[in-house]
Amino acid sequence: MDEKQYEEIVRSRLSEKRFIHSMNVAKAAEELAVQNGADPQKARLAGVLHDIMKEAPPEEQLKIMESSGIMLTDVERSAPKLWHAMAGAAYLQKVLGIEDAEVVNAVRYHTTGRANMSALEKIVFVADFISDERDYDGVQELREAAHHGLQDAVMAGLIFTIQDLSQNQKPIHPDSLAAYNAEIVARGK
Ligand code: DGI
Ligand code: FE
Ligand code: FE
């Protein structure tokens, strides 16, 4: 399948609004890949696909995670917003037959991040924050950070999310914390 065909599958599974978001993330990911010496085509594809399960019914998300052997932790079970990333990665492998682990992992970790992310994982993580339609307070700073360097933008995104979650007394996924800690420790070296 080529990218256009994947786009049509994504279009059929999402509202217009979220399809536009996905296309904007694809565009941002492609640009970040060019700037950072990563594969623009792969970045674009991962961007197109990253939210493919976002609007699937929770039961469908749980089912595909289960069938691909993903066991939810207590934190994951209590935070349904995290499911679409894991379910999306499972969908790529099981339904779309995508075997490229880099693309699958970029989808899987796009919401939480994780320690020692690949370039493609960082690119999709950041592209999701800075896509053209985003208009939250601070988005301009994040866009600027992204043009300075991918790592600065990853850090800014993690701080943004961790702050927001803790302020709202929501559980923070260990992968988000591990991503944050790994970066802070690396900077101290
Ligand atoms: O799918 P999008 O809306 O484009 O963006 P996303 O995949 O980054 O999802 C954002 C949501 O996920 C937002 O409501 C915050 C939530 N989230 C991100 N990291 C964590 C989290 N929720 C919990 N409980 N814990 C996390 O570590
Ligand atoms: Fe998402
Ligand atoms: Fe998204």
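In this text the structure is predicted, and so the values were computed from the model without any measurement.

K.L.:
Kindly report on the packing of aromatic side chains, identifying the contributing residues and their values.
P.N.:
If you walk through the whole model with that rule in mind, you get three aromatic pairs. Here Phe129 and Phe160 contribute two aromatic rings whose centre-to-centre distance is 6.2 Å and whose plane-to-plane angle is 85°, an arrangement assigned as edge-to-face. Placement of the pair is Phe129 in helix α8 (residues 119–130) and Phe160 in helix α10 (residues 150–167), with a sequence separation of 31 residues. A relative accessible area of 12% means that Phe129 is categorised as buried. Counting every residue linked through ring pairs, the aromatic cluster contains Phe125, Phe129, Tyr136 and Phe160.

K.L.:
Got a sec to walk through the coordination of the iron ion (ligand 3)? Specific residues and values, please.
P.N.:
Protein ligation of the iron ion (ligand 3) involves His21 (NE2), His50 (NE2), Asp51 (OD) and Asp128 (OD), the donor distances falling in the range 2.2 to 2.3 Å. Between the iron ion (ligand 3) and the iron ion (ligand 2), a spacing of 3.6 Å is present, and a bridge between the two is formed by Asp51. With Asp51 in the loop between α3 (40–49) and α4 (58–67) and Asp128 in helix α8, this pair connects stretches of sequence that are 77 residues apart. Residue Asp128 is classed as buried on the basis of its relative accessible area of 11%.

K.L.:
Break down the coordination of the iron ion (ligand 2) for me, with residues and values.
P.N.:
Angles at a metal have ideal values that depend on geometry: 109.5 degrees with four tetrahedral donors, 90 or 180 degrees with six octahedral donors. In this structure, Asp51 (OD), His84 (NE2) and His110 (NE2) serve as the protein donors to the iron ion (ligand 2), at separations of 2.1 to 2.2 Å. Residue Asp51 is classed as buried on the basis of its relative accessible area, which comes to 3%.

K.L.:
Would you mind going over the packing of α3 against helix α7 (residues 101–108) in detail, with residue names and values included?
P.N.:
Axis separation between α3 and α7 bottoms out at 9 Å; the angle between their running directions is 40°. In terms of orientation, α3 lies oblique with respect to α7. The way α3 lies across α7 gives a crossing that is right-handed. In contact with Lys42, Leu45, Ala46 and Leu49 of α3, α7 contributes Glu102, Val103, Ala106 and Val107. Of the residues in the contact of α3 with α7, the class split is six nonpolar, no polar and two charged.

Rules behind the numbers
- Residues numbered from 1 in each chain as written.
- Chains lettered and ligands numbered in written order.
- Predicted model: local features only at pLDDT ≥ 70, side-chain atom pairs only at ≥ 80, totals over all residues.
- Heavy atoms only, no water.
- Phe/Tyr/Trp six-rings, centres within 6.5 Å; stacked < 30°, edge-to-face > 60°.
- Helix = DSSP H or I, 4+ residues; strand = E, 2+ residues; numbered from the N terminus.
- Buried < 20%, exposed > 50% of the residue type's maximum accessible area, 1.4 Å probe, protein only.
- Donors = N, O, S within 2.8 Å, 3.2 Å for Na, K, Ca; no water.
- Axes fitted to C-alpha atoms, helices over the stretch in contact; angles between N-to-C directions.
- Parallel < 35°, antiparallel > 145°, perpendicular 65-115°, else oblique.
- Left-handed = near helix turned anticlockwise from the far one by under 90°.
- Contact = heavy atoms within 4.5 Å.
- Nonpolar A, V, L, I, M, F, W, Y, C, P; charged D, E, K, R; others polar.

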